[in-house]
Amino acid sequence: MNDTTTVDTSRLANDETNRLISSDKVEGTPVYNPKGERLGKVHHLMIDKYTGQVAYAVMSFGGFLGIGESYHPLPWKMLKYDTRLGGYVVDLDRNRLEGAPRYTSREIPNWDRSYTGQIDRYWMPPV
């Protein structure tokens, strides 16, 4: 019997650099407001198939053990990574977030232009 634990370190060096990060490391990352108050966490990312760019970070908010949780799509460019917090910071408060477009696991949206337009108009209204 071998009591030695083997750890695969090949992935550790390859899933993050100073400019790139693997999507599985982004999922679950906390999201804070500028005051450092935790708003939720990144649930998943929506990536534009044609440009390859991340379009939206879908943040999970509220609930307990996944029950009653809602998902709030935020334009990716709204999130700024803060190394001190170990998470993303968005310049908004809970009231603004609570009025934002959202969905639950029972009512998943159709990510068509109508829906993404609704998200964009809410977060980035025309000037």
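These figures come from a predicted structure and were not determined experimentally.

1. As for the layout of surface pockets
The space that makes up the largest pocket amounts to roughly 480 Å³. Along its surface, the largest pocket is lined by 19 residues, and Arg19, Ile21, Val26, Trp76 and Tyr88 are the ones closest to its centre. Breaking the lining of the largest pocket down by element, the ones donating at least two residues are α1 (23-26), β2 (38-47) and β5 (80-82). The class makeup of the residues in the lining of the largest pocket is 10 nonpolar, 5 polar and 4 charged.

2. A closer look at the environment of Met59
Structurally, the position occupied by Met59 is in strand β3 (residues 54-61). When the C-alpha positions of Met59 and Val31 are compared, they lie 7.8 Å apart, and in sequence the two are 28 residues distant. In contact with Met59, not counting residues within four places along its chain, are Val31, Leu39, Gly40, Lys41, Val42, His43, Ser70, Tyr71, His72, Leu74 and Leu97.

3. Examining the packing of aromatic side chains
Enumeration according to the criterion identifies 7 aromatic pairs in this entry. Ring geometry for Tyr122 versus Trp123: centroids 4.9 Å apart, planes at 85 degrees, classification edge-to-face. On the basis of relative accessible area, Tyr122 is assigned to the partly exposed category, the value being 22%. Put simply, the rings of Tyr56, Tyr71, Tyr103, Trp111 and Tyr115 touch in pairs and so form one group of aromatic residues. Against the face of Tyr122 rests Arg96, its NZ or CZ located 4.2 Å from the ring centre.

4. What about the confidence of the model for the chain?
One rule of thumb: low pLDDT means the predicted coordinates there are not for detailed reading. Within the chain, residue pLDDT values average 82, and 81% of them lie at 70 or more. Per-element averaging of pLDDT across the chain places helix α2 (residues 94-98) at the bottom with 81 and strand β6 (residues 87-89) at the top with 94.

5. Structural notes on the pairing of β3
With 6 of 8 residues buried, β3 lies mostly within the body of the structure. As paired strands, β2 and β3 are joined by 6 bridges and run antiparallel to one another. When the sheet's bridge partners are listed, Ile47 is paired in β3 with Val54. Turn length for the β2-β3 hairpin, with the two strands adjacent in sequence and antiparallel, is 6 residues, and the turn residue Gly52 shows positive phi of about 80 degrees. Sheet topology note: the β3/strand β4 (residues 70-75) ladder contains 6 bridges and is antiparallel. Counted as the bridge partner of Ser60 is Tyr71 from β4.

6. So, the pattern of salt bridges
Under the defined criterion, the tally for this structure stands at 1 salt bridge. A salt bridge links Asp82 to Arg84; the shortest N-O distance between them is 2.9 Å.

Criteria and thresholds
- Residues numbered from 1 in each chain as written.
- Predicted model: local features only at pLDDT ≥ 70, side-chain atom pairs only at ≥ 80, totals over all residues.
- Heavy atoms only, no water.
- 1 Å grid on protein atoms, 1.4 Å probe; cavity = no way out; pocket = protein on both sides within 12 Å on 5 of 7 lines; lining within 4 Å.
- Points joined across faces, edges and corners; volume = space filled by probe spheres on them.
- Helix = DSSP H or I, 4+ residues; strand = E, 2+ residues; numbered from the N terminus.
- Nonpolar A, V, L, I, M, F, W, Y, C, P; charged D, E, K, R; others polar.
- Contact = heavy atoms within 4.5 Å.
- Phe/Tyr/Trp six-rings, centres within 6.5 Å; stacked < 30°, edge-to-face > 60°.
- Buried < 20%, exposed > 50% of the residue type's maximum accessible area, 1.4 Å probe, protein only.
- Lys NZ or Arg CZ within 6 Å of the ring centre and 35° of its normal.
- pLDDT = per-residue confidence, 0-100.
- Pairing = 2+ DSSP bridges.
- Salt bridge = Lys/Arg side-chain N within 4 Å of Asp/Glu carboxyl O.

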